[in-house]
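The residues making up each chain are set out below.
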Amino acid sequence: MTTRLTVAQALVRFLAAQYTERDGVRQRLISATWGIFGHGNVAGLGQALVEYADDMPYHQGRNEQSMVHAAVGYARQSNRLSTHAVTTSIGPGATNLVTGAALATINHLPVLLLPGDTFATRVADPVLQQLEVPYAGDVSVNDCLRPVSKYFDRVTRPEALIPAALQAMRVLTDPVETGAVTLALPQDVQAEAHDWPDEFFAERIWTVRRPGADPTELAEAVQAIRSARRPLLVAGGGVHHSRAEEALAEFASATGIPVASTQAGKGSLRHDHPQDVGGVGHTGTATANELARQADLVIGVGTRYTDFTTASGTLFAADGVRFLNLNIAPYDGHKLAGAPLVADARSALQELTGALQLHAHRVTGAYVDEYTLDKERWEQRVEACYEADEPDIRPTQPQVLGALDALVDESDVVINAAGSLPGDLHKLWRARSRDQYHLEYGYSCMGYEIPAAIGVKMAAPDRNVWALVGDGTYLMMPTEIVTAVQEGIAIKLLLIQNHGYASIGGLSETVGGERFATAYRYQSDDGTYTGAPLPVDLAANVASLGMRVLRAKTVRDLRAALEEARAADTPTCVYVETETADTVSGAPPAQAWWDVPVAEIATRPSAVKARELYERHVSTRRRHL
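A few points on the structure. (Residues numbered from 1 in each chain as written. Predicted model: local features only at pLDDT ≥ 70, side-chain atom pairs only at ≥ 80, totals over all residues. Heavy atoms only, no water.)

### Here's the deal with the packing of aromatic side chains
As a reminder, the rule being used: By convention, a stacked pair of Phe, Tyr or Trp rings (six-membered ring in the case of Trp) has centres within 6.5 Å and planes under 30 degrees apart, an edge-to-face pair has planes over 60 apart, and any other such pair is tilted. Strands here are runs of E lasting at least two residues and helices are runs of H or I lasting at least four, both read from the DSSP assignment and numbered beginning at the N terminus. Summary of the burial criterion: residues with accessible area below 20% of their type's maximum are buried, those above 50% are exposed, and those between are partly exposed, where the area comes from a 1.4 Å probe applied to protein chains only. Look at NZ for Lys and CZ for Arg. If either is within 6 Å of the ring centre and within 35 degrees of the ring normal, a charge sits over the ring.
All chains considered together, the criterion is met by 11 aromatic pairs. A ring pair is formed by F308 and Y441, whose centres lie 5.3 Å apart and whose planes are at 70°; its orientation type is edge-to-face. Residue F308 is found in helix α12 (residues 307-310), and its partner Y441 is found in the loop between β19 (437-439) and α18 (449-459); the two are separated by 133 residues along the sequence. In this structure F308 comes out as buried when scored by relative accessible area, which is 12%. Clustering of aromatic rings is evident, with ring pairs tying together F14, W196, F200 and F201. One residue, R13, lies across the ring of F201, its end atom 4.3 Å from the ring centre. The ring of Y19 carries R26 above its face, with NZ or CZ at 4.3 Å from the centroid.

### Concerning unusual backbone geometry
Cis geometry is adopted by the peptide bond preceding P126, which originates at D125 and carries an omega value of 0°. Tracing the backbone through its elements, the reader meets P126 in the loop between β7 (111-117) and β8 (151-154). For A311, which is not glycine, the phi dihedral falls at a positive 50°. Within the secondary structure, A311 is located in the loop between α12 and β16 (322-327).

### Some words on the pairing of β7
Here is the rule we go by: A pair of strands is considered paired only if DSSP assigns at least 2 bridges between the two.
Extensive coverage of β7 is indicated by the burial of seven of its seven residues. Neither face of β7 is exposed, since V111, L113, P115 and D117 on one face and L112, L114 and G116 on the opposite face are all buried. Across four bridges, the pairing between strand β6 (residues 83-88) and β7 is parallel. Within the sheet, the bridge partner assigned to T87 lies in β7 and is L114. Pairing analysis gives five bridges linking β7 to strand β9 (residues 180-186), with the strands arranged parallel. Along β9, the bridge assignment pairs G116 with L185.

### Describing the sheet that holds strand β3 (residues 25-28)
Note the following rule: Axes, fitted as lines to C-alpha atoms, cover a helix only where it is in contact. Angles between the N-to-C directions of the axes lie from 0 to 180 degrees. Two residues qualify as a contact provided that any one of their heavy atoms is within 4.5 Å of a heavy atom in the partner residue.
Taken together, the three strands give an open sheet; going across it, the order is β3-β2-β11, and neighbouring strands pair in mixed fashion. Both edges of this open sheet fall to β3 and β11 (204-207), since each of them pairs with a single strand only. Taken over all neighbouring pairs, the strand axes of this sheet differ in orientation by 30° on average, direction set aside. For strand β2 (residues 18-22) and β3, the ladder comprises four bridges, and the chain directions are antiparallel. Residue pairing for β3: R22 is matched across the bridge by V25. Packed onto the sheet, helix α1 (residues 7-16) meets β2 and β3 and runs at close to 25° relative to β2.

### Concerning the state of the cysteines
By definition, a disulfide links the sulfur atoms of two cysteine residues through a covalent bond. The following threshold applies: By disulfide we mean two sulfur atoms from cysteines, separated by a distance within 2.5 Å.
If you walk through the whole model with that rule in mind, you get zero disulfides. Of all cysteine sulfurs, the one in C445 lies closest to C144, which takes part in no disulfide; the gap is 16 Å. Given a relative accessible area of 42%, C144 falls into the partly exposed group.

### Structural notes on the environment of H271
Residue placement: H271 occurs in the loop between β13 (259-261) and β14 (276-279). When the C-alpha atoms of H271 and R430 are compared, they prove to be 5.2 Å apart, with 159 residues separating the residues in sequence. Setting aside residues up to four positions removed in sequence, H271 forms contacts with D276, K375, R430, A431 and R432.

### Some points on the sheet that holds strand β18 (residues 413-416)
The six strands are arranged β19-β18-β20-β21-β23-β22 in an open sheet whose pairing can be described as parallel. Whereas interior strands pair on both sides, the edge strands pair on one side only; in this sheet they are β19 and β22 (548-552). Recorded for the sheet is a direction-independent mean angle of 20° between the axes of neighbouring strands. Along the sheet, helix α17 (residues 421-428) contacts β18, β19, β20 (465-470) and β21 (492-497); its crossing angle with β19, the most-contacted strand, is approximately 150°. Contacts from α18 reach β18, β19, β20 and β21, with the element oriented near 175° to β20.

### Details of the pattern of salt bridges
As a working rule, side chains carrying opposite charge can pair if their charged atoms are close by. Quick note on the threshold: Salt bridge, as used here, is a side-chain nitrogen of Lys or Arg placed within 4 Å of a carboxyl oxygen of Asp or Glu.
Under the definition given, this model contains 36 salt bridges. For R209, the salt bridge is made with D174, and the minimal N-O distance between the two is 3.1 Å. With a gap of 35 residues between them, R209 in the loop between β11 and α8 (215-227) and D174 in the loop between α6 (161-172) and β9 connect regions that are remote in the sequence. You can call R209 partly exposed: its relative accessible area is 42%. A relative accessible area of 10% means that D174 is categorised as buried. E245 is the salt-bridge partner of R243, the closest N and O atoms lying 3.5 Å from each other. You can call R243 partly exposed: its relative accessible area is 35%.

### Points about the side chain of T287
Checked against the element boundaries, T287 lands in helix α11 (residues 286-294). In this view, T287 contacts V277, Y371, D374, K375 and W378; residues no more than four positions away in its chain are not counted.

### Overview of the nonpolar core
Burial of nonpolar side chains together is a common tendency in soluble globular proteins. Heads up, the rule is: The nonpolar core is taken to be a set of buried Ala, Val, Leu, Ile, Met, Phe, Trp, Tyr and Cys residues, with the residues joined through side-chain atoms within 4.5 Å.
Formed by 53 residues in total, the largest nonpolar core has its most connected members in I225, L233, L341 and L352. The dominant element in this core, judged by the number of residues it contributes, is helix α14 (residues 345-358), at six residues. Discounting chain neighbours no more than four positions away, the residues touching I225 are F251, I257, L297, I299, L324, L352, L356 and H361. Grouped together as the second largest cluster of nonpolar side chains are 46 residues, A70, V72, A539 and M547 included.

### Overview of α8
In plain terms, the rule: In this scheme, a helix's expected span is set at 1.5 Å multiplied by one less than its residue total. The arc in question is the one spanned by the directions pointing from the helix axis to the C-beta atoms. Each polar contact in these results corresponds to two N or O atoms within 3.5 Å; when the atoms are within protein, one needs to be able to donate a hydrogen and the other to accept it, and residues that are neighboring in sequence are counted only if both atoms are side-chain atoms.
In a regular helix each residue adds 1.5 Å, so 13 residues correspond to 18 Å; α8 covers 18 Å between its end C-alpha atoms and thus fits that length. If you check which residues of α8 are buried, you get E217, L218, A221, V222, A224 and I225. The arc enclosing the buried residues of α8, seen along the axis, measures out at 165°, which places them on a common side. The secondary structure elements touched by the buried residues of α8 are α10 (245-255), β15 (297-301), β16, β17 (339-342) and α14. Capping of α8 at its N-terminal end is provided by D214; its side-chain oxygen lies 3.0 Å from the backbone amide nitrogen of T216.

Okay, structure coming up:
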């Protein structure tokens, strides 16, 4: 039996029938579609989404990049088991997807991209917004999406949709390969009718696998842990993707091995778990980083070992240090010349715990006492940063975080991606639940927070979702505030005004850039941006987009505003001005290095001094072979 539909109609019906299943729980794979319509998709996918509105919920976006961010936020909150599709027109609508696609792929988060494309038949050539490539007739702007997609196909014939759609679902549900998936859809093909086999529209379940460890690799891993004197476990985002937090807690409690976390892995253990020692790497805690420097075995679980985690190859400094990498992706399992344990994080942690318990293995009491005392010292530093003895003064950024920390419980979700906040949050924030700490630091994309908060709130409508945004990030992409208002999605926006790029300003100072062009000020006669602060009113801008705004001038005001915002059932913004961009945030400085090359030749004293310090750090870098 067959059914005659357009390509776009067939695709929407197919997507509505796709499900994932893991641990016996089934859910929709593509639970909604975001879109902005233009000539490249309005008559195809636009008509199909109207035709099957009961089967495929639709959300209207304002910016194509931010629609991808919303879908990614939803996918992460849904443990990668459910996501959204995003459709755009051809031309700028399609190329606006590239940044969001890169973010999704780098973070291993599934999202389905459905950009329109130029005529497959080329009857209208060149069509509006078409990129003409003299040396290749089959290239369009959508080819920009190839390097940032885990799977890409251009559906130039109706019958080609079936294998393309099935491959797209395979990649979206593969825990190793998942990321952005792109099906480019020529505008004429979208509207073309075809006789489709009814089996194409039958419900299809994609099982998300949990592979166990290879027995040989498991035995070698057990031996490596048993022979280590100072092991340290580094928890990455794979712990969350696997829902391995409970298995990790059992492993840590049974063995006494301390657990540090990457930005993506923070919250793998609650902040008050005895074995949790906080963030690791350039933005990490002194406790975790000192353990990393002396560790003889580093057990990476679900981590990619980015340069922030390894302090650009300078952090894991002990003679003879070895690496044991538990990762579902073989590529990551072999990093740093480590012994791979290629398996699902939860499955392998449970196997490791059971095997080590057979030997009654546990680290020494002296080691536990050492990191416990260091953790207590760090907590005292956190308290000092959060403390505000004078409630009627303007808060520092850590005091802003402290006011929020004092208010939230384990049901709140805190979202951030870029600026000076990731460093402060990784050092200071006390994660109370497995998914409270939502930092997008694989791509660290300015503009992610607000649309991602919308996606998270869609996935978890009963939870308070906070988008923490600096003024630089806000100015990049505030447009989805309109979407939150339109759809009544009660996100909380904490907008921190510090008049510039605080993070890069600080980095510029350390590498000899003298904070050039990092403050939001008028330009001076000498070409520097050192004039008076710009007279912008971001709170008024938020209000103009329809969101309720609570202004806070002091610590006391801030506490009251945050409490009111948390209780609100409509989209609400708390606006607070902190220190300017040319002052420090007040958080502890970096506890480990990060390699940002400094000018080898310069005449300005700041750059000369920065280069001297840089060369000292570089001399400590090592390759783990």
